[in-house]
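Examination of the molecular architecture
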Amino acid sequence: MLFPALDEEDLKALADNVKNHGLLHPVVLDRSGQVIDGRNRLKACEIAGVDATFTTYEGDDPDGYVLSANIHRRNLTKGQMAMITAKACSLSEQSGRSPSERSSRSLSERLGISLGTVGKANVVLQHAPDLVDPVISGATGLNEAYTVAQENKAKANSAEIQLARLREEDPELAERVVEGALTLAGAWAERTERVEEDKRQRRVATRLLDELVPPLAQARGTRTFSRYDPAYAGGGPITRETIAQAMTALAEMDQVWQERDLP
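The sections below set out a description of the structure shown in this document.

Conventions we followed
Residues numbered from 1 in each chain as written. Predicted model: local features only at pLDDT ≥ 70, side-chain atom pairs only at ≥ 80, totals over all residues. Heavy atoms only, no water. Patch = residues over 30% accessible without salt bridge, like charges linked within 9 Å, V, L, I, M, F, W, Y side chains within 5 Å. Areas by Shrake-Rupley, 256 points an atom, 1.4 Å probe, with all protein chains shown as cover. Salt bridge = Lys/Arg side-chain N within 4 Å of Asp/Glu carboxyl O. Helix = DSSP H or I, 4+ residues; strand = E, 2+ residues; numbered from the N terminus. Buried < 20%, exposed > 50% of the residue type's maximum accessible area, 1.4 Å probe, protein only. Core = buried A, V, L, I, M, F, W, Y, C linked by side-chain atoms within 4.5 Å. Contact = heavy atoms within 4.5 Å. Expected span 1.5 Å × (residues − 1). Arc of directions from axis to C-beta.

A few words now on a nonpolar patch on the surface. Residues Tyr228, Ile238, Ile243 and Met247 make up a contiguous nonpolar surface patch of about 400 Å² in total accessible area. In this fold, Ile238 is placed in the loop between helix H10 (184-218) and helix H11 (240-259). The class of Ile238 is partly exposed, set by a relative accessible area of 49%.

Core analysis: the largest hydrophobic core is formed by 21 residues, its most contacted members being Ala82, Met83, Ala121, Val124 and Leu142. When contributions to this core are tallied by element, the ones reaching two or more residues are helix H4 (78-94), helix H6 (115-127), helix H7 (132-137) and helix H8 (142-169). Considering every element that reaches this core, the biggest residue donor is H4, with six residues. Setting aside residues up to four positions removed in sequence, Val124 forms contacts with Met83, Pro129, Leu131, Val132, Leu142, Ala145, Tyr146 and Ala149. Core analysis: the next-biggest nonpolar cluster, separate from the first, contains 10 residues, Leu11, Val27, Leu29 and Ala48 among them.

Taken as a whole, this structure holds 15 salt bridges when the rule is applied. Because the salt bridges share partners, they merge into one network encompassing Arg165, Glu169, Asp170, Glu172, Arg176, Glu190, Arg191 and Arg194.

With that settled, the discussion passes to unusual backbone geometry. Within the chain, Asp261 stands out as a residue other than glycine whose phi angle is a positive 55°. If you trace the backbone, Asp261 turns up in the segment after H11. Using a relative accessible area of 68% as the deciding quantity, one classes Asp261 as exposed.

Attention shifts here to H10. Under the 1.5 Å per step criterion, the end-to-end length of H10 is 51 Å for 35 residues, consistent within 8% with the ideal 51 Å. Those residues of H10 that sit buried are Leu184, Ala187, Trp188 and Arg191. Buried-residue contacts for H10 involve H8 and helix H9 (171-179).

When we look at burial in H9, the residues that qualify are Leu173, Ala174 and Val177. The buried residues of H9 all sit within an arc of 100° when viewed along its axis, so they share a single face. Away from its buried face by more than 90 degrees, H9 exposes Pro171 and Glu179. The inward-facing, buried residues of H9 abut H8 and H10. Remark: Gly180 follows H9 within two positions and exhibits a positive phi of approximately 90°.

The following block contains the structure:
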């Protein structure tokens, strides 16, 4: 429904008017007998105990008729009219009508609303849909809603950029965000923790290798190995198995250095 229903007080006033003066404008039906204009008038007739009169719209543009009739009948601001126009275009697209049957340009020209104002309403429709009906009812101004919509749009664009970056840096975390298992902020917090943990592990590994490998290299060609005495070992004695494992570790280290093209 494009137009807000009358509140209880206004509906009662309309019912009193119908009771005193009769129904001045008949309820309009489409060709299938559905009410397309006059729901409030029909309700007022029921309250007043007056038989409603009906007429059938025979044209090819029932939505356009309802829109034009109600906008000119009601005391609406340009912002309300623009919001109703934007919503009408959206509903038309959802119902499968071609854009030519309900375009923003044709409606704005018919109703005397600038395309710029309708453009603002479209931004609200897309980025602050919860404010559409408040704008139509007059509870919220179009400019106020447009400001909120712009902020939401900026946040959405920023979020898309952050998610794209997260996909590049940590696809697994990005997938959890898409699935709804993790918020974007939570994902970046976890990403930061992972990066810091990776830095810590690299520092520890580097210091360990710095302590082990250079002294071993310096022992090459000396009598250090021949003077090894298990009696003086500080920990468990070095065995042939330990030496074999050390040689395997050095081979793995050499492979990694080649892959990383380190000197």
